Amino acid sequence: MSKRKSKETSSVNGECISQVQRILRERFCHQCPNGKLFGVQLQYKHLLELLKRTTIHGESNSALIIGPRGSGKTMLLNHVLKELMEAKQVRENLMQVHLNGLLQTNDKIALKEITRQLQMENVVGDKVFGSFAENLAFLLEALKKGDRDSSCPVLFILDEFDLFVHHKNQTLLYNLFDISQSAQTPVTVIGLTCRQDILELLEKRVKSRFSHRQIYLMNSFDFKQYLRIFKEQLYLPAEFLYKPFTQKWNKNVQSLSEDRTVQDVLQNHFHCSKDLRSLHMLLMLALSSITVSHPFMTGSDLLEASKSCRMDSKANIVHGLSVLEICLIIAMKHLNDVYEGEPFNFQMVYNEFQKFIQRKAHSMYNFEKPVVMKAFEHLLQLELIKPIEGLCVRAQREYLLMKLLLDNNQIMDALQVYPNCPTDVKQWATSSLSWL
Amino acid sequence: FLPLCVCFSLFPSVVGSQEKHAVVQWFSRITELPLNKRKLLRREVSPQEIFLDKAPGYGTDINVETIIKNVKVIPLAPEEVVPVRSKGKQIFFVKESWDGKCFKPLSPGLLSELKEAEKKKRNIQMEIESRHSASKSSLSKERHSQRVANGINTPGARKKLQLNSMYTAILYLIQKMVSNINTSNTMQNLLLVFEDFDFSLQPEPRTPKTPRNATPRIPIRNQATEKPANVLEEARLRLHVSTIPGSLPCREEEFQDIYNFVESKLIDGTGGCMYISGVPGTGKTATVHEVIRCLQQAAENDELPSFQFIEINGMKLTDPHQAYVQILQLLTGQKVTATHAAELLAKLFSTPGPKRKTTVLIVDELDLLWTRKQDVMYNLFDWPTQRQAKLIILAIANTMDLPERIMMNRVASRLGLTRMSFQPYTYKQLQQIISSRLNHIKAFEEDAIQLVSRKVAALSGDARRCLDICRRSTEICEFSSQKSASGLVSMAHVMKAIDEMFSSPYINSIRNASLHEQMFLKAIIAEFRRSGLEEATVQQIYHQHVALCRIEGLQIPTVSEIIAICSRLGACRFLLVESNNKYLHVRVRLNISQDDVMYALKQE
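Just so you know, these numbers come straight off a predicted model, no measurement behind them. (Residues numbered from 1 in each chain as written. Chains lettered and ligands numbered in written order. Predicted model: local features only at pLDDT ≥ 70, side-chain atom pairs only at ≥ 80, totals over all residues. Heavy atoms only, no water.)

Colleague: Honestly, the overall build of chain A in this entry has me stumped. Any pointers?
Modeller: In terms of helices and strands, chain A carries 21 helices and 9 strands. For 436 residues, the compact-globule estimate of 2.2 N^0.38 gives 22 Å, and the C-alpha radius of gyration of chain A, at 30 Å, exceeds that figure by more than 25%. By principal-axis analysis of the C-alpha atoms, chain A measures approximately 90 × 80 × 45 Å. Within chain A, the fraction of its 436 residues that count as buried is 53%. Counting only contacts in chain A whose residues sit at least 6 apart along the sequence, the fraction spanning at least 24 positions is 73%. Taken as a whole, chain A presents about 20,100 Å² of accessible surface, with 53% of it coming from carbon and sulfur. (Helix = DSSP H or I, 4+ residues; strand = E, 2+ residues; numbered from the N terminus. Rg over C-alpha atoms; globule rule 2.2 N^0.38 Å. Buried < 20%, exposed > 50% of the residue type's maximum accessible area, 1.4 Å probe, protein only. Contact = heavy atoms within 4.5 Å. Areas by Shrake-Rupley, 256 points an atom, 1.4 Å probe, with all protein chains shown as cover.)

Colleague: Looking at this model, I keep getting lost on the sheet that holds strand β16 (residues 587-590) of chain B. Mind explaining?
Modeller: Hydrogen bonding along the main chain pairs the strands of a sheet, whether they run parallel or antiparallel. All names here are of chain B. Spatial ordering of the open sheet is given by β14-β16-β15, a layout of 3 strands whose pairing is antiparallel. Two strands close off the open sheet at either side, each with one partner strand: β14 (536-537) and β15 (575-577). Two elements, β15 and β16, share 3 bridges in a ladder whose sense is antiparallel. Directly across from Leu-575, in β16, lies its bridge partner Leu-590. In the packing of helix α19 (residues 515-531) onto the sheet, contacts are made with β14, β15 and β16, and the angle to β16 comes to roughly 95 degrees. (Pairing = 2+ DSSP bridges. Axes fitted to C-alpha atoms, helices over the stretch in contact; angles between N-to-C directions.)

Colleague: I keep staring at the interface of chain A and chain B and nothing clicks. Help me out?
Modeller: Listed as interface residues are 95 residues of chain A and, on the opposing side, 80 residues of chain B. Roughly 7,600 Å² is buried in total at the junction of chain A and chain B, and carbon and sulfur atoms are behind 50% of that figure. Taken together, chain A and chain B are joined by 8 salt bridges. Salt-bridge contacts for A:Asp178 lead to B:Lys316; the nearest nitrogen and oxygen are separated by 3.1 Å. Between chain A and chain B we count 34 residue pairs in polar contact (both at pLDDT 80 or more) in total. With 11 residues, helix α6 (residues 132-145) of chain A is the single largest residue contributor to the side of chain A that touches chain B. (Buried area = accessible area lost by both parts, 1.4 Å probe. Salt bridge = Lys/Arg side-chain N within 4 Å of Asp/Glu carboxyl O. Polar contact = N/O pair within 3.5 Å; in protein donor to acceptor, adjacent residues only side chain to side chain.)

Colleague: Help me out: how do you make sense of the packing of aromatic side chains in this one?
Modeller: Each pair of aromatic rings is reported with the distance of its centres and the angle of its planes. Applying the stated criterion across every chain yields a total of 17 aromatic pairs over all chains. Across the ring face of B:Tyr583, the terminal group of A:Lys314 is positioned such that the distance to the ring centre comes to 4.6 Å. In this structure, B:Arg251 is placed above the aromatic ring of B:Tyr425, and the distance from its NZ or CZ to the ring centre is 4.2 Å. (Phe/Tyr/Trp six-rings, centres within 6.5 Å; stacked < 30°, edge-to-face > 60°. Lys NZ or Arg CZ within 6 Å of the ring centre and 35° of its normal.)

Colleague: Explanation requested: helix α5 (residues 107-117) of chain A in the structure shown.
Modeller: Residue pairs three or four apart in sequence face the same way in an α-helix, which turns once every 3.6 residues. All names here are of chain A. Among all positions in α5, only Asp-107, Ala-110, Leu-111, Glu-113, Ile-114 and Thr-115 are buried. Tucked inside the fold, the buried residues of α5 contact β2 (95-100), α6, β5 (154-159) and α8 (171-180). In the stretch just after α5, Gln-119 is the one whose phi turns positive, near 55 degrees.

Colleague: Quick question: what am I supposed to make of the packing of α19(B) against helix α22 (residues 594-602) of chain B here?
Modeller: Axes are the key here: two packed helices are described by the angle between their axes and the distance separating the axes. All names here are of chain B. It is the contact of α19 with α22, at a shortest axis distance of 11 Å, that shows an interaxial angle of 135 degrees. Considered as vectors, α19 and α22 are oriented oblique to each other. Crossing of α19 against α22: the hand is left-handed. Packed against α19, whose contacting residues are Gln-518, Leu-521, Lys-522, Ile-525, Phe-528 and Arg-529, the element α22 presents Gln-594, Val-597, Met-598 and Leu-601 at the interface. (Parallel < 35°, antiparallel > 145°, perpendicular 65-115°, else oblique. Left-handed = near helix turned anticlockwise from the far one by under 90°.)

Colleague: Would you mind showing me how to read the nonpolar core here?
Modeller: In summary, soluble globular proteins display a tendency toward joint burial of nonpolar side chains. All names here are of chain A. Among the nonpolar cores identified, the biggest contains 38 residues, and Phe-161 and Leu-173 are the most heavily contacted of them. The biggest single contributor to this core is α8, with 6 residues. Core analysis: the next-biggest nonpolar cluster, separate from the first, contains 37 residues, Ile-357, Ile-385, Met-402 and Leu-406 among them. (Core = buried A, V, L, I, M, F, W, Y, C linked by side-chain atoms within 4.5 Å.)

Colleague: For this particular structure, what's the right way to read the pattern of salt bridges?
Modeller: Opposite charge on two side chains allows them to pair when their charged atoms are near. Within the structure shown, the criterion is met by 37 salt bridges over all chains. In this structure, the salt-bridge partner of A:Glu141 is A:Lys145, at a minimum N-O distance of 3.5 Å. Of this pair, A:Glu141 and A:Lys145 both sit in helix α6, 4 residues apart, roughly one helical turn. Of the charged contacts in the structure, one is a salt bridge between B:Asp382 and B:Arg414, with a shortest N-O distance of 2.9 Å. With a gap of 32 residues between them, B:Asp382 in helix α11 (residues 375-382) and B:Arg414 in helix α13 (residues 409-415) connect regions that are remote in the sequence. By relative accessible area, which is 16% here, B:Asp382 ends up buried. Overall, the relative accessible area of 27% leaves B:Arg414 in the partly exposed class.

Colleague: Sorry if this is basic, but what is going on with the environment of B:Lys37 here?
Modeller: Residue and element names in this part refer to chain B. Within the secondary structure, Lys-37 is located in helix α1 (residues 35-38). The buried category is assigned to Lys-37, whose relative accessible area is 18%. Placed 66 residues apart in sequence, Lys-37 and Phe-103 show a C-alpha to C-alpha distance of 9.1 Å.

Colleague: Even after reading the chapter, I still don't get the domain arrangement of chain B, so can you show me in this structure?
Modeller: For an interface, size is often stated in terms of accessible area lost upon the parts coming together. Residue and element names in this part refer to chain B. Here chain B is partitioned into domain 1 (4-190), domain 2 (252-422), domain 3 (427-501) and domain 4 (509-602). When domain 2 packs against domain 3, the two sides together hide about 250 Å² of surface, and 38% of this comes from carbon and sulfur. Our count for the domain 2 to domain 3 interface comes out at 0 salt bridges. Counting the contacts that link domain 2 with domain 3 gives 1 residue pair in polar contact (both at pLDDT 80 or more). A breakdown of the residues in the side of domain 2 that touches domain 3 according to their chemical character gives 2 nonpolar, 2 polar and no charged. (Domains from an automatic or database assignment. Nonpolar A, V, L, I, M, F, W, Y, C, P; charged D, E, K, R; others polar.)

Colleague: I would appreciate a short explanation of the side chain of B:Thr318 in the present structure.
Modeller: Within the fold, B:Thr318 resides in the loop between β10 (307-313) and α9 (322-332). Those residues in contact with B:Thr318, other than ones at most four positions away along the chain, are A:Phe132, A:Ala133, A:Leu136 and A:Lys168.

Colleague: Got a minute to help me understand the sheet that holds β10(B) in this structure?
Modeller: All names here are of chain B. The 5 strands lie next to each other as β10-β11-β12-β9-β13, forming an open sheet whose pairing is parallel. Only two strands of the sheet have a single neighbouring strand rather than two, namely β10 and β13 (419-422). For this sheet, the mean angle separating the axes of adjacent strands, direction not counted, is 15 degrees. Together, β9 (272-278), β10, β11 (358-364), β12 (391-397) and β13 form the strand contacts of helix α7 (residues 252-268), whose direction differs from that of β12 by roughly 155 degrees.

If you want it as structure tokens, here you go:
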């Protein structure tokens, strides 16, 4: 009886855990407009009012949303659009055109995309025809026909706005802004960008036509708010099926946020990057350690996640090298110290290595030169060293000038954790003069 | 281009002679009407619709022999729709009359008269065709222009009919009928058509083709726009740049100069160029449009010879050579390639047209028409110098010394020395612009308007900026919690709007950056100080960063994290980061001044 009961609870738990992981993963990975916004109420209101006026009063506008990567620009816009679309009056009266600077890499493509999204394409079948010039004339004429009172307002959303600036003559931007400043079809142009110097990139006549509305998103929260965001992100929703589990989970999250180690982990993370995407990454890693036997997140989970988050990629590669390759890297390090970062070639490294073998090494086997060369080339392939650009491309392999892409600190840290490193190699690493 | 007429009476020209004459009323097809006037109709016109042509100056007395063919003309009341009848019969519909300036619906009296005539005289509608040796289009165009010019010269007298035997039968029929009419001695209404070519030659309508030249449009909105509900919204509406003000204050002088220039050229019937420069937002295009509007008004009141107005914008062209295509299309409606258009335009402007109207061409954003050979600019400014061209060009651009800077001598010389530059608005002018736009709506405090104008005048003198700031301040006023007692836009609101628009974002965003990002900036400055250079590699900065972290007792970030921080700052353009995969050896520069960084970091 008791056995059956325990089995039942475990099955519920299994179901429960997978549900929890699904919900939270969705929250972390998708920019779902159901998620919560943090600390951008003012910007939210500004944008909402702006778009409302466009749709309801037919007022043309232009605005830029500026903020570093991961500060929630798209999220803000999606939230605003979602709320906007709930009103019937807006839903029936607004046309949206979404462009992305990474997809519409020139104005020609952008124009075709606009005509397509406005569904007034001059098409035969589904193929858009007409030259670039014709398309532009077509679109401009269409937009010119409309007026404030009778035409459907059009919302242009330009993601990666800074890339549009590099289009030839900024034709698209000029025309969009020009329409927004003349008595034609009401349009609102919203640009999203992470570049703070965006206004300086606009040509002066384009800039004059831009209304200079800038909405800044800055991640302007402190650590207390960050902790609260952390909790909000982990809390299960009240409508979650398994009520008792929800309670326990949320209680655990609360106690986590008060835990000293967790706070330290979060503090370090916060110091490094304020953007919420990196927090999501951290939580995602911690979430993956949750299993039926380990149903609640602990401080050590977060610690582990944080460690793998801030892992140094190049140092990680060093862990997997052979002792010979490590020796070569150490030789390069010494060369760097002696010649103050001047580039080196294989022959120099080989000589340095030979010095070590002859005077100091007890455990090292004296490899032949081709073998050492092979190890050297392996390092090249791993991009731990890199040939310097420009001159000496035609030099012999041994004399190609190289640079080490590792810092001394990285090498020493990597050696600390390198498994089974011979002691003489370690000693050699700390000082090139240790044989004296 | 195909003259149509209705015949009201037939009579022998001289009593007893064989020649019979008819008194007719002319009709026009849509293609005969000037391009720019067609828009007045505001609807699609089917090719079967014709207009009662009341323009004065046409001969109404024609030789019967020139009548070729009859067609059926059905008068329609204004509210009726032109039915679509595609096949076979040549039926025309008349709905509106045209008096050379505008369209009017048929007067009820005339309508009923025509209807009566149609009912009664169905049997005597005639079908007559005339043959011309010259090509259709050119001839008809010529004929049109001549008809406009020279009303006495009726088409009948001008056209020698080359009737062959095929038509004699018809003619015989007519003559017989005419004699009948004469014997019955009643006023007869005949609907007659002069035709250039046979309708049967036109292809039968097949499956509807995708309309290549269909005028595209944005869908109509479902609900009406809301009217402004309060003073602030009303003010916002009026302050929008797109609102066309009743008058343009502060540009009276420039307006007068341009007006006089164009007017004198129009009266003389010559051509010329004028170059207009000024920084963005000083009302160049607006003033020129205002001038054109006034001139058009004057032309309509017959104070000036009528002219054709076209406009191109360098920024709205994908390529300078597209200018030819656009000009030709606006002038004649033809759609050809750029090279062909250039040839056609050159021909058009170099051949004398006896009654050619003057063309006024606005070229906005002239500098965009620059090409290596400068052929577009050269042609543009060369055409007006030709006597026959009658072309007036108003070229607009931003820079005052554009002709000297980018134009070759031969282009600059053709542009001539008629220059005008628009000075940036002074604060008084900006103030006047705002108040004239507001037009006695009390939404702003006087001081607030003055503040905006002074600020903008000091910065750029750009009227657009000024209006944008005003608009934004009305929004701030509307949503601010502490409304000023009067409910008007006050100084505080305006200040806030100005701050929003002009304050540099750098300081604030540095202050909101994460601790290590700020530390990285500090490390950069430390490294710059150490090396005395304005550039450093990530490795060097990393060492400084580690040292700073040790002092502060912070966790030392790994190299991967440092690189991530560096690229984040690079994406925001606080830093200029070399884009290559040199990892630690990537060189970094500051994109902001060191003082700004120090200032931003010190405040904490």
